[in-house]
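# Results of the structural survey
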Amino acid sequence: MDDAASLDFAVEPHASPVADADRALALEDPGFGRVFTDHMVTIRYKDGRGWHDATVTARGPLTLDPATAVLHYAQEIFEGLKAYRLPDGSTALFRADANARRFRASAERMAMAQLPEGLFLESCRRIVAIDRAWIPEVEGGALYLRPFMFASEAFLGVKPSSEYLFMVIASSVGGYFKGGSRAISLWVSRDYTRAAPGGTGGAKCGGNYAASLIAQAESIREGCDQIVFLDAVERRWVEELGGMNIFFVFNDGSIATPPLGGTILPGITRDSIMTLARDEGLAVREEPYALEDWRADATSGRLREAFACGTAAVVTPIGEVRGHDLGFTIGGGGPGQTTERLRARLTGIQRGLLPDPHGWIERLF
């Protein structure tokens, strides 16, 4: 099955959806990841049968056997993307095809069945179509889509599962960080690493995030917003944050970001930022950047700005970096001009306010 046309979707609308007044109240201040829509998409896979039983139905709990493979061997992957309301009232997806490709790549790394990209895209379109009323009107508001897949076979044995459940749920969201686009602070992890060469760092799987939580908790205890990880081999090279990629802006106008190499998630926002920066004529490098150079360049003024990026947080300026043996401020400690300009261009394209020269927006209805 190579496209969505090869599998019919059964649509079973929610019998008792959230009342309009209650939904409007929830959308006044949705926060991030706490307000969920009425429906979900499910598609099942079984060896010998392939993908089947595509359904759009009421969102509800799952019933799992205690021996369900994901609970024991963690075969699980997910994606995150957004649907936006455009100025003319229609809705659009941003680079969903890139999410579909990355989902397949994650499935391959985790020895899971690979969902055809057409089915991934059609699943996203379907849930936006039925739950478009859940897109909030607040600043930064969007419908955050969470496609995910897990091993659903009931079997206690260390092997790839023969059955999988793919799902898409949706959440009404506002800004990821409280306080808008303020500069965040980072804590440098010395005791923990996110990924090692040959591991799963390049896949979007839950285990990567589970491994980051203890370090993120440390950053919060130290009064910082986010953790930043160094490489697992030398504990010297900056890699990424707990859930975001990172960029550095220098005084010659150039931009750098750590190279992927299998230990860093190939972020779609990361790729978009590099493309937009090159559109402006900026030099963009993918190269290793050592922590000691980060501190020295921030101190000397060679480094003017730094920012994190991802689907949830979009583009977020970094103002301060701290650790057990260091502490330094980047630029003036607030949002920089290049960071703000790239953020404005990206969000302008996403929301239909600026031209889309790369064809990233898929207008739906």
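None of these values were measured; they are calculated from a predicted model. (Residues numbered from 1 in each chain as written. Predicted model: local features only at pLDDT ≥ 70, side-chain atom pairs only at ≥ 80, totals over all residues. Heavy atoms only, no water.)

This next bit is on the environment of isoleucine 214. By the element assignment, isoleucine 214 lies in helix 5 (residues 206–221). Separated by 22 residues in sequence, isoleucine 214 and tyrosine 192 have C-alpha atoms that sit 8.3 Å apart. (Helix = DSSP H or I, 4+ residues; strand = E, 2+ residues; numbered from the N terminus.)

Further remarks concern the packing of helix 6 (residues 268–279) against helix 8 (residues 337–350). For the pair helix 6 and helix 8, interaxial distance at closest approach is 10 Å and the crossing angle is 110°. One way to sum up the angle between helix 6 and helix 8 is to call them roughly perpendicular. Considering the relative orientation of helix 6 and helix 8, their crossing is right-handed. Residues Thr269, Ser272, Ile273, Leu276, Ala277 and Asp279 of helix 6 form the contact with helix 8, whose participating residues are Leu342, Arg345, Leu346 and Ile349. Among the residues making up the contact of helix 6 with helix 8, the classes are represented as six nonpolar, two polar and two charged. (Axes fitted to C-alpha atoms, helices over the stretch in contact; angles between N-to-C directions. Parallel < 35°, antiparallel > 145°, perpendicular 65-115°, else oblique. Left-handed = near helix turned anticlockwise from the far one by under 90°. Contact = heavy atoms within 4.5 Å. Nonpolar A, V, L, I, M, F, W, Y, C, P; charged D, E, K, R; others polar.)

Two faces belong to every sheet, and in a regular strand the side chains alternate between them. Of all six residues that make up strand 13 (residues 245–250), six are buried, and the element is covered over most of its length. Residues of strand 13 alternate between two faces, with Asn245, Phe247 and Val249 on one and Ile246, Phe248 and Phe250 on the opposite face, all of them buried. Bridge count between strand 13 and strand 16 (residues 303–310): six bridges; the pairing is antiparallel. Across the sheet, valine 249 pairs through a bridge with glutamate 305, a residue of strand 16. Where strand 13 lies against strand 14 (residues 255–257), two bridges are found, and the strand directions are antiparallel. Note on strand 14: the bridge partner recorded for phenylalanine 248 is alanine 256. What sits between the antiparallel neighbours strand 13 and strand 14 is a turn of four residues, in which glycine 253 has the positive phi angle 90°. (Buried < 20%, exposed > 50% of the residue type's maximum accessible area, 1.4 Å probe, protein only. Pairing = 2+ DSSP bridges.)

Read these as geometric descriptors, not functional statements.
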